[in-house]
Amino acid sequence: MAYLSPALNVMIAAARKAGRPLIRDFGELENLQVSMKGPADFVTSADKRTEGILIEELTKARPGYGFLGEEGGVIEGKDKTHRFIIDPIDGTTNFMHGIPQFAISIALEREGHLVSALVFNPVTDDLFTAEKGHGAFHNNKRLRVAARKELGPSVIATGVPFMGKEGHARALAEMGAVMNVTAGIRRMGAASLDLAFVAAGRFDGFWEHGLQPWDIAAGILLVKEAGGVITDLNGGEQMMTNGQVLCANENLHPQLLKLLKSTKA
Ligand code: IPD
Ligand code: CA
Ligand code: CA
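Below or above, wherever it landed, is the structure these notes cover. (Residues numbered from 1 in each chain as written. Chains lettered and ligands numbered in written order. Predicted model: local features only at pLDDT ≥ 70, side-chain atom pairs only at ≥ 80, totals over all residues. Heavy atoms only, no water.)

### Quick notes on the nonpolar core
Moving on, step 1. Grouped together as the largest cluster of nonpolar side chains are 38 residues, with contacts concentrated most on Phe 128, Leu 195, Phe 206, Leu 222, Ile 230 and Val 245.
Moving on, step 2. Secondary-structure elements contributing two or more residues to this core are strand 4 (103-110), strand 5 (113-121), strand 6 (126-131), strand 9 (155-158), helix 5 (191-199), helix 6 (213-225) and strand 13 (245-248).
Moving on, step 3. In terms of residues, this core owes the most to one element, helix 6, which gives 8 residues.
Moving on, step 4. Structurally, this core is a two-domain feature, drawing no fewer than three residues from each of domain 1 (6-142) and domain 2 (155-261).
Moving on, step 5. If you look at the next biggest cluster of nonpolar residues, it comprises 31 residues, including Ile 53, Leu 58, Phe 84 and Leu 127. (Core = buried A, V, L, I, M, F, W, Y, C linked by side-chain atoms within 4.5 Å. Buried < 20%, exposed > 50% of the residue type's maximum accessible area, 1.4 Å probe, protein only. Helix = DSSP H or I, 4+ residues; strand = E, 2+ residues; numbered from the N terminus. Domains from an automatic or database assignment.)

Written out as structure tokens, the structure is:
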């Protein structure tokens, strides 16, 4: 059975409540896909509404805690020791295109340390949770990162910049290096789920640049609690400030770090 702290129970209840209208929206999007205006405005309002529901529910249960949300930014709480970090829809482009690979991501920080994490895909009903010191779970199943020791048979996920974002040449150089020595690369489009999939041993590793704290806060704890190694691309701990992430098991992590550092773009 999954270990559920009182805080995780509160986070799950909030995510399930905010997830219900998202399931309806996801159905609606099929119709919007074909309209001229496209679904962009609809999705923007879904993002805002979801974050609103999450903040309302979490505040009811934990009055005084602060927030860092993708849509609303920083909300200072009276309790300076606790903060929720929220991405209401991680994988918006997938959501907008009717691709069921997106998630609500919520992490709880206590005195600057990640202590509870949730990544929830409402459409597939996949719930990933972790509590510091108590492991990571997928629904009720305990998670462990994959055990492969060599890159050859490994599947590695990444995220790449899109139109107008910096880092295209670097992404191509890095993918060139990784695709040369692995069984394959995946670009699924939701960093929180990429990290959850590493925790679940589905991916052997994942790296990306240019991420925001709300993309990765919950996923970092999931990977750590599943026994994985997660750092920035210098091998340091600044993921939440420099937006870089590299994770894998303890055997593959140093191999990937060396490989990515060796690429020049
Ligand atoms: C994005 C996703 C994507 C990653 C982008 C993020 P959003 O978040 O996590 O996988 O490559 O960098 O911005 O915008 O869908 O919440
Ligand atoms: Ca995101
Ligand atoms: Ca988002």
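Resuming the write-up.
### Some thoughts on the site of ligand 1
Moving on, step 1. Of all residues adjacent to ligand 1, which total 13 residues, the nearest are Asp 90, Gly 91, Thr 92, Arg 187 and Glu 208.
Moving on, step 2. Gly 189 places a main-chain nitrogen or oxygen 3.2 Å from an oxygen atom of ligand 1.
Moving on, step 3. With respect to ligand 1, the side chain of Glu 208 contributes an N or O atom lying 2.5 Å from an oxygen atom.
Moving on, step 4. When ligand 1 sits alone it has 370 Å² of accessible area, and the protein chains cover 84% of it.
Moving on, step 5. For the shell around ligand 1, the residue count by class is 4 nonpolar, 3 polar and 6 charged.
Moving on, step 6. For the shell around ligand 1, the domains that each give at least three residues are domain 1 (6-142) and domain 2 (155-261). (Near = heavy atom within 4 Å. Polar contact = N/O pair within 3.5 Å; in protein donor to acceptor, adjacent residues only side chain to side chain. Areas by Shrake-Rupley, 256 points an atom, 1.4 Å probe, with all protein chains shown as cover. Nonpolar A, V, L, I, M, F, W, Y, C, P; charged D, E, K, R; others polar.)

### So, the coordination of the calcium ion (ligand 2)
Moving on, step 1. Coordination of the calcium ion (ligand 2) by the protein involves Asp 87 (OD), Asp 90 (OD) and Asp 215 (OD), with metal-donor separations of 2.1 to 2.3 Å.
Moving on, step 2. All donors of the calcium ion (ligand 2) belong to a single chain; written as a sequence motif, their spacing is D-x2-D-x124-D.
Moving on, step 3. A spacing of 3.7 Å is found between the calcium ion (ligand 2) and the calcium ion (ligand 3), which share Asp 87 as a donor. Of the two residues, Asp 90 is situated in strand 3 (residues 79-90) and Asp 215 in helix 6; the sequence distance between them amounts to 125 residues. (Donors = N, O, S within 2.8 Å, 3.2 Å for Na, K, Ca; no water.)

### A few points about the pattern of salt bridges
Moving on, step 1. With the rule as written, the count across this model stands at 7 salt bridges.
Moving on, step 2. We note a salt bridge from Arg 83 to Glu 109, for which the minimum N-O separation is 3.1 Å. Within this pair, whereas Arg 83 is found in strand 3, its partner Glu 109 is found in strand 4, the two being separated by 26 residues in sequence.
Moving on, step 3. Within the structure, one salt-bridge network assembled from shared partners comprises Lys 17, Glu 57 and Lys 60. (Salt bridge = Lys/Arg side-chain N within 4 Å of Asp/Glu carboxyl O.)

The values reported here are purely geometric and, on their own, carry no functional implication.
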